Amino acid sequence: MTTTDPSPTAADSGSSATEAFRAAHQGEHGTEQVSAERVATVVHAVLSGVHESIREHEVSYPEFQAAKQWLMNVGEGGEWPLFLDVFVEHAVEEVAARSHEGSQGSILGPYYLPNQTRLPAEASLPARPDEKGTPLVFAGQVRDTSGQPVSGAELDIWHADDEGYYSGFAPGIPEGNLRGVVVTDEQGRFRISTVQPAPYQIPTDGPTGTLITAAGWHPWRPAHLHLIVRAPGHRPITTQLYFEGGDWLDSDVAEATKPELVLDPQRQQDGHLLSEYDFVLEPV
Ligand code: MBD
Ligand code: FE
């Protein structure tokens with residue numbers, strides 16, 4: 001390692017993710033927004049599933065107390081956003097996708113930050129002067145479901161660095177690093193220069209990591225780009241793009257991969273990787 005920055009602790013990234021979620025959803029009043037009927041139906045179903053698991057697996061008092069202890073730790077460590085996005089969000093996205101047209105989506109995850117630098121259609125994401133990683137160019141076109149190019153569409157893009165860390169959630173990375181809002185040109189095109197992200201490892205020193213270790217699972221997500229693609233009059237698409245042949249592609253801990261979301265970057269003469277991908281937005 002050439003840097004002197006400490007590795008991010010689970011507690012640091014957990015509390016940042018909790019803060020980011022609260023900021024994004026401030027003014028929304030939680031359960032007051034959901035009808036009593038829906039709360040009763042869904043919460044009853046969830047609790048019934050828990051009760052049934054306890055009966056089926058004859059869960060003991062020590063196991064119940066261990067679970068209670070762990071749940072308290074998730075809250076204290078600020079890891080509810082991480083835990084829920086890794087283990088639950090993919091099912092919510094799957095249900096939402098049933099009624100969607102246009103490009104496939106995927107989960108948002110805990111590390112989105114709004115209001116990043118706006119950039120022209122051909123742009124480099126903000127990066128450190130010595131940003132490590134293989135240069136990657138991500139280029140394509142945004143069209144609507146009738147095939148018309150969408151000019152002025154925003155590609156809100158963010159991804160981990162060459163060590164798998166996200167700016168805003170790991171110490172020592174400048175604010176806004178490897179994040180940006182790229183605006184498509186008159187032909188709906190974009191061409192974004194960045195670096196190839198590394199796979200993401202769930203912090204092993206927090207409660208989510210403890211659970212994964214205790215169960216003997218692995219803590220990895222395959223390398224990915226996050227995007228929200230939006231344009232007036234169209235449904236925004238939240239998605240992720242992965243890399244053919246990458247580690248963990250077939251065993252994402254967050255179960256958020258889809259075959260349609262795998263890029264196959266080609267190495268160019270000067271050594272950089274080029275990936276082309278087009279987005280299709282449906283009208284609202
Ligand atoms: C990530 O980087 C991520 O994308 C998700 C969904 C969960 C945890 C970390
Ligand atoms: Fe991610």
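Parameters at a glance
- Residues numbered from 1 in each chain as written.
- Chains lettered and ligands numbered in written order.
- Predicted model: local features only at pLDDT ≥ 70, side-chain atom pairs only at ≥ 80, totals over all residues.
- Helix = DSSP H or I, 4+ residues; strand = E, 2+ residues; numbered from the N terminus.
- Buried ≥ 20, exposed ≤ 12 C-beta atoms within 10 Å, placed from the backbone.
- Contact = placed C-beta atoms within 7 Å.
- Core = buried A, V, L, I, M, F, W, Y, C linked by C-beta atoms within 7 Å.
- Pairing = 2+ DSSP bridges.
- Arc of directions from axis to C-beta.
- Near = placed C-beta within 6 Å.
- Nonpolar A, V, L, I, M, F, W, Y, C, P; charged D, E, K, R; others polar.
- Axes fitted to C-alpha atoms, helices over the stretch in contact; angles between N-to-C directions.
- Parallel < 35°, antiparallel > 145°, perpendicular 65-115°, else oblique.
- UniProt positions renumbered as here; feature names shortened; annotations may be inferred.

Student: Mind showing me how you'd approach the overall build of the chain here?
Tutor: When helices and strands are tallied, the chain shows 6 helices and 14 strands. Expressed along its principal axes, the backbone C-alpha trace of the chain runs to roughly 60 × 50 × 35 Å. Counting over 284 residues, the chain shows a buried share of 30%. Long-range contacts, defined as pairs at least 24 residues apart, comprise 76% of the intrachain contacts of the chain with a sequence gap of at least 6.

Student: Is there a simple way to explain the nonpolar core in this structure?
Tutor: The nonpolar side chains of soluble globular proteins are, as a tendency, buried together. Ranked by size, the top nonpolar core spans 44 residues in total, and within it Val 142, Leu 155, Ile 157, Val 229 and Leu 281 carry the most contacts. Among the elements of the structure, helix 4 (80-87), strand 3 (135-144), strand 4 (154-159), strand 6 (189-195), strand 9 (224-230), strand 10 (237-243) and strand 14 (279-281) are those that each provide at least two residues to this core. With 4 residues, the top contributor of residues to this core is strand 10. Beyond its immediate sequence surroundings of up to four residues, Val 229 is in contact with Val 142, Ala 153, Leu 155, Pro 236, Ile 237, Phe 279 and Leu 281.

Student: Got a minute to help me understand helix 4 in this structure?
Tutor: Each α-helix winds once per 3.6 residues, and so residues spaced three or four apart point in a common direction. Within helix 4 the residues assigned to the buried category are Pro 81, Leu 82, Phe 83, Asp 85 and Val 86. On the buried face of helix 4, the contacting elements are helix 1 (10-24), helix 3 (61-76), helix 5 (89-97) and helix 6 (207-215).

Student: Looking at this structure, how should I read the sheet that holds strand 4?
Tutor: The strands that make up a sheet pair up through hydrogen bonds in the backbone, lying either parallel or antiparallel. With respect to topology, 6 strands assemble into an open sheet ordered 1-5-4-9-10-11, the strand pairing being mixed. Only two strands of the sheet have a single partner each, and these edge strands are strand 1 (118-119) and strand 11 (262-263). Pairing of strand 4 with strand 5 (residues 179-183) involves 5 bridges; the strand directions are antiparallel. Looking at strand 5, one finds that Leu 155 is bridged to Val 182.

Student: Would you take a moment to explain helix 6 for this structure?
Tutor: Turning to helix 6, its buried residues number three or more, namely Pro 207, Thr 208 and Ile 212. Buried residues of helix 6 fall within an arc of 145° about the axis and therefore sit on the same side. In helix 6, the exposed positions that point more than 90 degrees away from the buried face belong to Thr 213 and Ala 214. Check the buried side of helix 6 and you find it contacts helix 3 and helix 4.

Student: Just to check I follow, could you spell out the site of ligand 1 for this structure?
Tutor: Neighbouring ligand 1 are Leu 82, Asp 85, Val 86, Ile 107, Gly 109, Pro 110, Tyr 111, Tyr 200, Arg 221, Ala 254 and Ala 256. Per element, the largest residue contribution to the shell around ligand 1 is 3 residues, and it comes from helix 4. Taken together, the residues that form the shell around ligand 1 break down as 8 nonpolar, 1 polar and 2 charged.

Student: I keep staring at the packing of helix 1 against helix 4 and nothing clicks. Help me out?
Tutor: Angle between the axes and distance between the axes are the two parameters that describe a pair of packed helices. Two elements in contact, helix 1 and helix 4, have axes whose closest approach is 7 Å; the angle formed by their N-to-C orientations is 80°. Judged on the interaxial angle alone, helix 4 and helix 1 are roughly perpendicular. Note on element contacts: helix 4 touches helix 1 through Trp 80, Pro 81 and Leu 82, opposite Gly 14, Ala 17, Thr 18 and Phe 21. In terms of residue class, the contact of helix 1 with helix 4 is made up of 5 nonpolar, 2 polar and no charged.

Student: Please clarify how the pairing of strand 4 should be interpreted in this entry.
Tutor: In the case of a regular strand, side chains alternate between the two sheet surfaces. Along strand 4, 6 of the 6 residues are buried, which leaves the element largely enclosed by surrounding structure. In strand 4, alternate side chains face the same way, and those of Glu 154, Asp 156 and Trp 158 on one face and Leu 155, Ile 157 and His 159 on the other are all buried.

Student: Got a minute to help me understand the environment of Ser 275 in this structure?
Tutor: Tracing the backbone shows Ser 275 in strand 13 (residues 273-276). On the basis of neighbour counts, which here come to 19 C-beta atoms within 10 Å, the residue Ser 275 falls in the partly exposed class. With 242 residues separating them along the chain, Ser 275 and Gln 33 place their C-alpha atoms 41 Å apart. Excluding residues within four positions of it along the chain, Ser 275 makes contact with Leu 136, Phe 138, Leu 263 and Pro 265.

Student: Just to check I follow, could you spell out the UniProt feature "domain: Intradiol ring-cleavage dioxygenases" (unreviewed entry) in the chain for this structure?
Tutor: Following the UniProt record, one finds the feature "domain: Intradiol ring-cleavage dioxygenases" (unreviewed entry) at residues 138-166. Summarising residues 138-166: 0% helix, 45% strand, and an end-to-end C-alpha distance of 19 Å.

Student: Can you help me understand the environment of Gly 140 in this one?
Tutor: If you trace the backbone, Gly 140 turns up in strand 3. Taking the C-alpha atoms as reference points, Gly 140 and Glu 276, separated by 136 residues in sequence, lie 5.3 Å from one another. Leaving out residues up to four positions away in the same chain, Gly 140 has contacts with Phe 190, Glu 276, Tyr 277, Asp 278 and Phe 279.

Student: What am I meant to see in the environment of Gly 78 here?
Tutor: Examined against the element boundaries, Gly 78 turns out to sit in the loop between helix 3 and helix 4. For the pair formed by Gly 78 and Asp 247, sequence separation is 169 residues and the distance between their alpha carbons is 28 Å. Ignoring any residue separated from it by four or fewer positions in sequence, one finds Gly 78 in contact with Ala 11, Gly 14, Ser 15, Ala 17 and Thr 18.

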